[in-house]
Amino acid sequence: AYHNHLLCNHLLSILLIPGMKKAAYGRIINIISTSVKAPLDGLGVSNTTRGAVASWAKTMANELAAFGITVNNVLPGATATERLQEIIDNKAQKTGHSSEQVQTHMQSEIPMGRFGKPEEIAAAVAFLATPAASYITGTNITVDGGRTPVL
């Protein structure tokens, strides 16, 4: 997990930052998890790794801001993907509930009452990649339908 999330981000950034500095413009956007703000039960390694990425991103944001490079994180909540369906099905199997019951329960914990769409996560990323987001750096943008508690 550490290799796949933190080290890969760092190595890719090392390769791209010189060109960004030369252009006096760049955007580094990490897709992490709402677990950065509120750890998810039973996902200790995942929570820790994603927290490390958030700390790394804040450090990079501070170091690169003077070069016109922003570094931000998008924190998606439950998003309607094949992976989420796998999680629902696994939880249903473990608890003896139907997948529909598990999904309904999960959605009941989201103030908007539904899962996010991948394109809603993409819209946040697309905005952060534009010049309009030039004064946003070192932050976490939560895209979760209001589920994550305020910390």
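What comes next is a walk through the structure. (Residues numbered from 1 in each chain as written. Predicted model: local features only at pLDDT ≥ 70, side-chain atom pairs only at ≥ 80, totals over all residues. Heavy atoms only, no water.)

## Description of helix H1 (residues 2-23)
Here is step 1: Over its 22 residues, H1 extends 30 Å from the first C-alpha to the last, a length consistent with the 32 Å expected when each residue adds 1.5 Å.
Here is step 2: Three or more residues of H1 are buried, namely Leu 6, Ser 13, Ile 17 and Met 20.
Here is step 3: On the buried face of H1, the contacting elements are strand E1 (26-31), helix H2 (44-64) and strand E2 (69-76). (Helix = DSSP H or I, 4+ residues; strand = E, 2+ residues; numbered from the N terminus. Expected span 1.5 Å × (residues − 1). Buried < 20%, exposed > 50% of the residue type's maximum accessible area, 1.4 Å probe, protein only. Contact = heavy atoms within 4.5 Å.)

## Details of unusual backbone geometry
Here is step 1: The backbone phi angle of Ala 24 is positive, close to 55°, even though this residue is not glycine.
Here is step 2: Here Ala 24 shows up in the loop between H1 and E1.

## Regarding the nonpolar core
Grouped burial of nonpolar side chains is what soluble globular proteins tend to show.
Here is step 1: The biggest cluster of nonpolar side chains holds 15 residues, and the ones touching the most others in it are Ile 17, Ile 28, Trp 56, Met 60, Leu 64, Ile 69 and Val 71.
Here is step 2: Elements that contribute at least two residues to this core include exactly H1, H2 and E2.
Here is step 3: Per-element accounting of this core gives the leading share, seven residues, to H2.
Here is step 4: Each residue touching Ile 69, except ones within four places of it in the same chain, is listed here: Ile 17, Met 20, Lys 21, Tyr 25, Gly 26, Ile 28, Leu 64 and Thr 137.
Here is step 5: Judged by nonpolar contacts, the second largest core, of seven residues, contains Leu 84, Val 102, Met 106 and Ile 110. (Core = buried A, V, L, I, M, F, W, Y, C linked by side-chain atoms within 4.5 Å.)

## Digging into the side chain of Asn 73
Here is step 1: Looking at the element boundaries, Asn 73 is found in strand E2.
Here is step 2: The class for Asn 73 is buried, based on a relative accessible area of 2%.
Here is step 3: Contact partners of Asn 73, with chain neighbours within four places excluded, come to Asn 30, Ile 32, Ala 54, Ala 57, Thr 139, Asn 140 and Ile 141.

## Remarks on helix H4 (residues 99-108)
Here is step 1: Inspection of H4 places Val 102, Met 106 and Gln 107 among the buried residues, and these make up the whole buried set. For H4, the angular spread of the buried residues around the axis is 130°, confining them to a single face. Opposite its buried face, H4 presents the exposed residues Glu 100, Thr 104 and Ser 108, each directed more than 90 degrees away. (Arc of directions from axis to C-beta.)

## A few points about the pairing of E2
Here is step 1: When you tally the buried positions in E2, you get eight out of eight residues, the bulk of the element.
Here is step 2: With burial as the criterion, each face of E2 is covered, one bearing Ile 69, Val 71, Asn 73 and Leu 75 and the other bearing Thr 70, Asn 72, Val 74 and Pro 76.
Here is step 3: Relative to E2, E1 runs parallel, the two sharing six bridges. Looking at the pairing, Ile 29 lines up with Asn 72 of E2.
Here is step 4: A crossover connection joins E1 to the parallel E2 through H2; in handedness this β-α-β unit is right-handed.
Here is step 5: As defined by bridge partners, E2 adjoins strand E3 (residues 140-143) across four bridges and the pair is classed as parallel. Counted as the bridge partner of Val 74 is Ile 141 from E3. (Pairing = 2+ DSSP bridges. Right-handed = clockwise from strand over helix to strand, strands pointing away.)

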